[in-house]
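Coordinates in review
The lines below spell out each chain.
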Amino acid sequence: MEVSMGLWVLTIAGLAALIAVDFFIGRKPHEVSIKEAGVWTVVWITLAGLFGLGLLVFGGGQPAGEFFAGFITEKSLSVDNLFVFVLIMAKFAVPTQYQQRVLLVGVLIALVLRAVFIAAGAAILASFAWVFYLFGAFLIWTAWKLIQEARADEQDDEYEENKLLKAAERRFGVADRYHGTKLWIQQNGKRVMTPMLVVMLAIGTTDVLFALDSIPAIFGLTQDPYIVFTANAFALMGLRQLYFLIGGLLKKLVHLSYGLSVILGFIGVKLVLHALHESGVHVPEISIPVSLGVICVVLAVTTVTSLLATRKQAAHADGEDAPKESVDV
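Residues numbered from 1 in each chain as written. Predicted model: local features only at pLDDT ≥ 70, side-chain atom pairs only at ≥ 80, totals over all residues. Heavy atoms only, no water.

**Some words on the pairing of strand β1 (residues 184-187)**
For clarity, the cut-off: One requirement defines pairing of two strands: DSSP has to find at least two bridges between them. Under the scheme used here, helices are H or I runs from DSSP no shorter than 4 residues and strands are E runs no shorter than 2 residues, and both carry numbers assigned from the N terminus.
Pairing geometry for β1 and strand β2 (residues 190-193), over 4 bridges, is antiparallel. Counterpart to Gln186 in the pairing with β2 is Arg191. Turn length for the β1-β2 hairpin, with the two strands adjacent in sequence and antiparallel, is 2 residues, and the turn residue Asn188 shows positive phi of about 55°.

**Some points on empty space enclosed by the protein**
Selection rule: A cavity here means a set of 1 Å grid points, computed over protein atoms only, where a 1.4 Å probe fits but cannot escape. A pocket is an open set with protein on both sides within 12 Å along at least 5 of 7 lines, and lining residues have an atom within 4 Å of a point. Grid points are joined across faces, edges and corners, and a volume is the space filled by probe spheres set on the points.
Under the definition given, this model contains 2 cavities of 30 Å³ or more. Approximately 60 Å³ is the volume attributed to the largest cavity. If you go around the largest cavity, you meet 10 residues; those closest to its centre are Glu36, Trp40, Gln100, Arg240 and Gln241. Among the elements of the structure, α1 (5-25), α2 (34-59) and α9 (239-246) are those that each provide at least two residues to the lining of the largest cavity.

**Examining the confidence of the model for the chain**
Segments scoring low in pLDDT should not have their predicted coordinates read at a detailed level. For clarity, the cut-off: pLDDT measures how confident the predictor is about each residue, on a scale from 0 to 100. Any two residues whose heavy atoms approach within 4.5 Å at even a single point are treated as in contact.
The pLDDT averaged across the chain works out to 80; a share of 88% of its residues lies at or above 70. Within the chain, no element has a lower average pLDDT than helix α11 (residues 288-328), which sits at 74, and none a higher one than helix α8 (residues 225-237), at 89. Low pLDDT (under 50) marks residues 325-329, which in the prediction has 0 contacts with non-local residues, meaning those over four places away or in another chain.

**What to know about the packing of aromatic side chains**
We apply this condition: Any pair of Phe, Tyr and Trp rings, taking the six-membered ring for Trp, is counted once the centres come within 6.5 Å. Such a pair is stacked with planes under 30 degrees apart, edge-to-face with planes over 60 apart, and tilted for the rest. Here the term buried applies to any residue with accessible area under 20% of the maximum for its type, exposed to any over 50%, and partly exposed to those in between, with areas from a 1.4 Å probe on protein chains only.
Enumeration over the complete set of coordinates arrives at 10 aromatic pairs. Taken together, a centroid distance of 6.1 Å and an interplanar angle of 15° make the contact between Phe67 and Phe71 stacked. Of the two residues, Phe67 and Phe71 are both situated in helix α3 (residues 61-91); the distance of 4 residues between them amounts to about one turn of the helix. Given the relative accessible area of 9%, Phe71 is considered buried. For the pair Phe67 and Phe234, a centre-to-centre distance of 6.1 Å together with 90° between the ring planes defines the contact as edge-to-face. Linking Phe67 in helix α3 with Phe234 in helix α8, this pair joins segments that are 167 residues apart in sequence. Of the residues examined, Phe67 reaches a relative accessible area of 0% and is grouped as buried.

**Observations concerning the side chain of Thr194**
Quick reminder of the rule: Under the rule applied, a polar contact is a pair of N or O atoms within 3.5 Å (in protein, one hydrogen donor and one hydrogen acceptor; residues adjacent in sequence only if both atoms are side-chain atoms).
Along the chain, the position of Thr194 falls in the loop between β2 and α7 (195-219). Look at Thr194 and you get buried, because its relative accessible area is 0%. Here Lys182 takes part through its backbone oxygen, which lies 2.6 Å from a polar atom of the side chain of Thr194. Apart from the residues within four sequence positions on either side, Thr194 is in contact with Val174, Ala175, His179, Lys182, Leu183, Trp184 and Ile185.

**Structural notes on the packing of helix α4 (residues 99-127) against α8**
Selection rule: Only the stretch in contact is used when fitting a helix axis, every axis being a line fitted to C-alpha atoms; angles between N-to-C directions are given from 0 to 180 degrees. In what follows, roughly perpendicular refers to angles from 65 to 115 degrees, roughly parallel to angles under 35, roughly antiparallel to angles over 145, and oblique to any angle outside these ranges. Helix crossings are classified by the rotation of the near helix relative to the far one: an anticlockwise turn of less than a right angle makes the crossing left-handed, while a clockwise turn makes it right-handed. In this classification, Asp, Glu, Lys and Arg are treated as charged, Ala, Val, Leu, Ile, Met, Phe, Trp, Tyr, Cys and Pro as nonpolar, and every other residue, Gly included, as polar.
Contact pair α4 / α8: the axes reach a minimum separation of 10 Å and the direction vectors enclose 165°. With respect to each other, α4 and α8 are oriented roughly antiparallel. Relative to α8, α4 is oriented so that their crossing is right-handed. Touching Leu104, Val107, Leu108, Ala110, Leu111, Arg114, Ala115, Ile118 and Ala122 of α4 are Pro225, Val228, Phe229, Asn232, Ala233, Leu236 and Met237, all from α8. Here the residues of the contact of α4 with α8 sort into 14 nonpolar, 1 polar and 1 charged.

**Points about the packing of α2 against α8**
Between α2 and α8, the least distance of the axes is 9 Å, while the angle of their chain directions is 165°. One finds that α2 runs roughly antiparallel with respect to α8. Considering the relative orientation of α2 and α8, their crossing is left-handed. Of the residues in α8, those touching α2 at Trp44, Leu47, Ala48, Phe51 and Leu55 are Tyr226, Thr230, Phe234 and Met237. Here the contact of α2 with α8 is built from residues that sort into 8 nonpolar, 1 polar and no charged.

In C-alpha cells:
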C-alpha cells in the first residue's frame, strides 16, 4: 500500500492526540476500577476496528486483512508482557494509585523503541531478502523455547533489572521512596531519579525484549511498515487498560504459552515459505485470510482449554482440602 508522508504525519498526529486525551483523563493519580479499565479497553479495540475498516474502504481488503491479523497477533503477544509488568510492579512496590501513570509512560517509551525496531526491520528486509529465512528460523526457535518454558516445572518469578537500567541507577542514583508522580528530586544536594522513573524505564526497556519476537512475527504477516507500526501502536496503547482488566485472570491462562508458540511457529513457517517463493522455489504461500483464521482459532482454543484446566485444578484442590478440614475438626 502506498502511504504518503502526509498520511504518516496525520496518523502519528492522530495517535498523539488520542494519547493526550488518555493522559488528560487519567492525569490525577487514582486506583483504576474494573469498569474504567473495561470501558477504555473497548474504546481502544473499537478505534483499532475503525482504523481497520478505514483501510478496507480506502486501501482494499489486503491492507485491512494484514492490519487485523497483525493487530490480533500483537495483542495476543502483548498479553504475555503483562506477566512481567506484574512482577515489575511488585518488585518496586508501586502504589496502586500510581500504576496507571507508570504504565502509560512505560508503554510510550516502548512504542518509541518499537518504532525504531520497525524502521530498521523494514530497511533490512527491503535490502536483504534472505533475512526472511533468519526471521522465520528465529520465530520457530522462539516457539520451541516457549513450549519448553511452559513445560518446565519451576518458573522464575523474579524480575531482574536489565543492564541499561542498572547503569542509569548507578549514574544518577535513586531516591529511597516515591515522591508522588515526580521523576526527579533533589536529595542531599544531588539531583536523583525517583522510583517512579525507574519503574517507567523498566517497563519501557523490558518491552524491547518482547519486540524481538513480536516485530519479526508481524513482518511475517505484512511487510508494509505503515501497517506494522499502526498495528503495534493500537495493540500497545490498549495494554495499560488490559493490565487492570485481566490482571487477576492472567494466572488462569495456563495454556497461553502453548498458544503463542503455535502462532509464532506458524508465522515462522509462513516466513520461510515466503522466502523460498522470493528465491524462485515453487512452494505454496499462506494467505492473509488463512493466517487470520489460524490465529483466531488458536487463541480461542487456548483460552477455552486454559479456563477448563484452571477450573479442573480448582475443583481438584477443593476435593483434596475437604477431607483434611474434616479431620482437623
